[in-house]
Amino acid sequence: MFRKTILENGLRLITVPMGNVTTVTILVLVDTGSNNEKKEENGISHFLEHMFFKGTTRRPAAKIISEEVDGMGGYTNAMTSSEYTGYYLKIPAAKFSEGLDIIADIFLNSLIEQQEVDRERGVILQEIHMRHEDPANHVGYLYQSLVYGDQPAGWEVLGTPEILSGLQHEELRRYFLNQYTAEDTIVVVSGNIEEEKVRAEVERSFRAVRRGQPRARPPVREEQTQPAVALFTKQTDQTHFILGARAFGAHDPRRVPASMLAHILGGSMASRLFEEVREKRGLAYSVSTGFDEYTTYGSIATYAGVEHAKTAETIRVILGEYKKIAEEPLPEAELIRAKESMKGRLALSLEGSDRLAFFVGGEEVTTAQPLTVEEVYRRIDAISAADVRRVAADIFRPEHLNLALIGPHPESGSFQTLLAP
């Protein structure tokens, strides 16, 4: 169970007690990601994330912060997505107060100095190059751009080298002060905690939180009317592709059946695509399907890495499974097995205080109504075979299909033909 409280200063606090652990995770999530950005500043949310732990007015150097965290036996990290930015500290439960002081100091007093910006710029540019050199990563960005085009949902979270090369500390600091406000921020504390003590200390540590009107995310335009293909021609050892379809966001009642649909198709070693693509035909070592959901939009997509000559065959097999699950009754035994698999995977993924903090905090960002694990289980158990089939039919329509590929293929026409109704 967890408790959500709106503090007097407007900050949202979620406490998640876990009696069976010895750690505490303090997670600060800001309801701001790349989808909040303007084109000329694309990548600024991720750049700002890199500036955390670089120094504050009270701890004016990264080394001071890292040594203090190290001395507590703690671990810290940060991340940026399309819809949020977060940073967290995981520490022994006895060090909660000291850890909270560091996290609050970073949120309230980060320096964002030009010399640190210049130094970190090179690190981020190398991160972009590294991910683009990895086709399995790069094809994800290609798919995102194909599906959503030239709008924030279609831009890379990391930004582009051209834009990032020009960002200065004044722009980063302005964005920081405008977006990192009480109205946009959730503090999640999970682990071995006393909830009343946590609330009192969070109120005290964040008493000087900024207030304001942070920039909201623009609506996502959904304009696709026919199947689409994006090909990035490159000499690679394998062809890497993502084949998927537009779906819907976290507020849609079809959300949980869509998650089940993705799991049945390619969420485990017992899934249909693992069996058909890998076990029966030996077409790919890696094949998986996922449901990527955001506040108002989403996609179900399958990734595979295959021999170049077998790309078309693999795509046909996947399309066949999409069609089959949308048209044929789902066996009850398969549905029961998938339900238990999904619940078990969720339980295993939430064993740590950090994982549980992200589970609850992420739901707060996307829906503002996070569910308990037990509530998620009940929703999974309530899914019927007809629900899965109906959602598959809604999603896997030709005009929703998108295919992104990276490999040494000279043209995309033959792949476009594969998606034709």
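Here we summarise the structure given alongside this text. These numbers were taken from a predicted model, which means no experiment stands behind them. (Residues numbered from 1 in each chain as written. Predicted model: local features only at pLDDT ≥ 70, side-chain atom pairs only at ≥ 80, totals over all residues. Heavy atoms only, no water.)

**A look at the overall build of the protein**
- Of the regular secondary structure elements, the protein holds 16 helices and 11 strands.
- Over its C-alpha trace the protein gives a radius of gyration of 23 Å, about what one expects of a compact globule, namely 22 Å for 421 residues.
- Reported as C-alpha extents along the three principal axes, the dimensions of the protein are approximately 60 × 50 × 35 Å.
- The burial tally for the protein puts 55% of its 421 residues in the buried class.
- The contacts of the protein with a sequence gap of at least 6 include a subset with a gap of at least 24, amounting to 82%.
- A total accessible area of about 18200 Å² is found for the protein, and carbon and sulfur atoms account for 51% of it.
- When the 47 positive and 60 negative side-chain charges of the protein are each reduced to one mean point, those points stand 2 Å apart. (Helix = DSSP H or I, 4+ residues; strand = E, 2+ residues; numbered from the N terminus. Rg over C-alpha atoms; globule rule 2.2 N^0.38 Å. Buried < 20%, exposed > 50% of the residue type's maximum accessible area, 1.4 Å probe, protein only. Contact = heavy atoms within 4.5 Å. Areas by Shrake-Rupley, 256 points an atom, 1.4 Å probe, with all protein chains shown as cover. Lys, Arg positive; Asp, Glu negative; His and termini not counted. Charge placed at Lys NZ, Arg CZ, Asp CG, Glu CD.)

**A short note on the packing of helix α11 (residues 311-327) against helix α15 (residues 385-395)**
- Axis separation between α11 and α15 bottoms out at 7 Å; the angle between their running directions is 130 degrees. On the basis of their axis angle, the class for α11 and α15 is oblique. The chirality of how α11 crosses α15 is left-handed. Contacts between α11 and α15 pair I325, A326 and E327 from the former with V388, R389, A392 and A393 from the latter.
- When the residues that make up the contact of α11 with α15 are grouped by side-chain class, the tally is 5 nonpolar, no polar and 2 charged. (Axes fitted to C-alpha atoms, helices over the stretch in contact; angles between N-to-C directions. Parallel < 35°, antiparallel > 145°, perpendicular 65-115°, else oblique. Left-handed = near helix turned anticlockwise from the far one by under 90°. Nonpolar A, V, L, I, M, F, W, Y, C, P; charged D, E, K, R; others polar.)

**Focus: the sheet that holds strand β2 (residues 12-17)**
- Strand order in this open sheet of 6 strands is β1-β2-β6-β3-β5-β4, and the pairing throughout is mixed. On the outer flanks of this sheet lie β1 (3-6) and β4 (75-80), each paired with one strand and no other. Each strand of the sheet is rotated relative to its neighbour by a mean of 15 degrees, with strand direction disregarded.
- Sheet topology places strand β3 (residues 23-30) next to strand β5 (residues 85-92); 8 bridges connect them, and they run antiparallel. Following the sheet pairing, T23 is matched in β5 by P92.
- Sitting on the sheet, helix α8 (residues 195-205) touches β1, β2 and β6 (185-191), and the angle it makes with β2 is about 150 degrees. (Pairing = 2+ DSSP bridges.)

**Quick word on the sheet that holds strand β7 (residues 228-233)**
- The mixed open sheet is built from 5 strands, whose spatial order is β7-β11-β8-β10-β9. In this open sheet, the two edge strands, each paired with only one partner strand, are β7 and β9 (284-293). Neighbour to neighbour, the strand axes of the sheet diverge by 15 degrees on average, direction disregarded.
- As paired strands, β7 and strand β11 (residues 401-407) are joined by 6 bridges and run parallel to one another. Counterpart to L231 in the pairing with β11 is L405.

**Digging into the nonpolar core**
- Core analysis: the largest hydrophobic core is formed by 68 residues, its most contacted members being L261, I395 and F396.
- Counting 50 residues, the second-largest nonpolar core is a separate cluster that includes Y87, F96, I112 and V157. (Core = buried A, V, L, I, M, F, W, Y, C linked by side-chain atoms within 4.5 Å.)

**Some remarks on the pattern of salt bridges**
- In total, this model carries 37 salt bridges according to the counting rule given.
- For R254, the salt bridge is made with D252, and the minimal N-O distance between the two is 2.9 Å.
- Looking at R254, the relative accessible area reads 30%, which means it is partly exposed.
- R255 is paired through a salt bridge with E293; the nearest N and O atoms lie 2.4 Å apart. (Salt bridge = Lys/Arg side-chain N within 4 Å of Asp/Glu carboxyl O.)

**So, the packing of helix α9 (residues 255-266) against α15**
- Contact pair α9 / α15: the axes reach a minimum separation of 9 Å and the direction vectors enclose 85 degrees. Taken together, α9 and α15 sit at an angle that is classed as roughly perpendicular. Residue-level inspection shows P257, A258, M260, L261 and I264 of α9 in contact with α15, the latter providing D387, V388, V391, A392 and I395.
- The residue inventory of the contact of α9 with α15, partitioned by class, reads 9 nonpolar, no polar and 1 charged.

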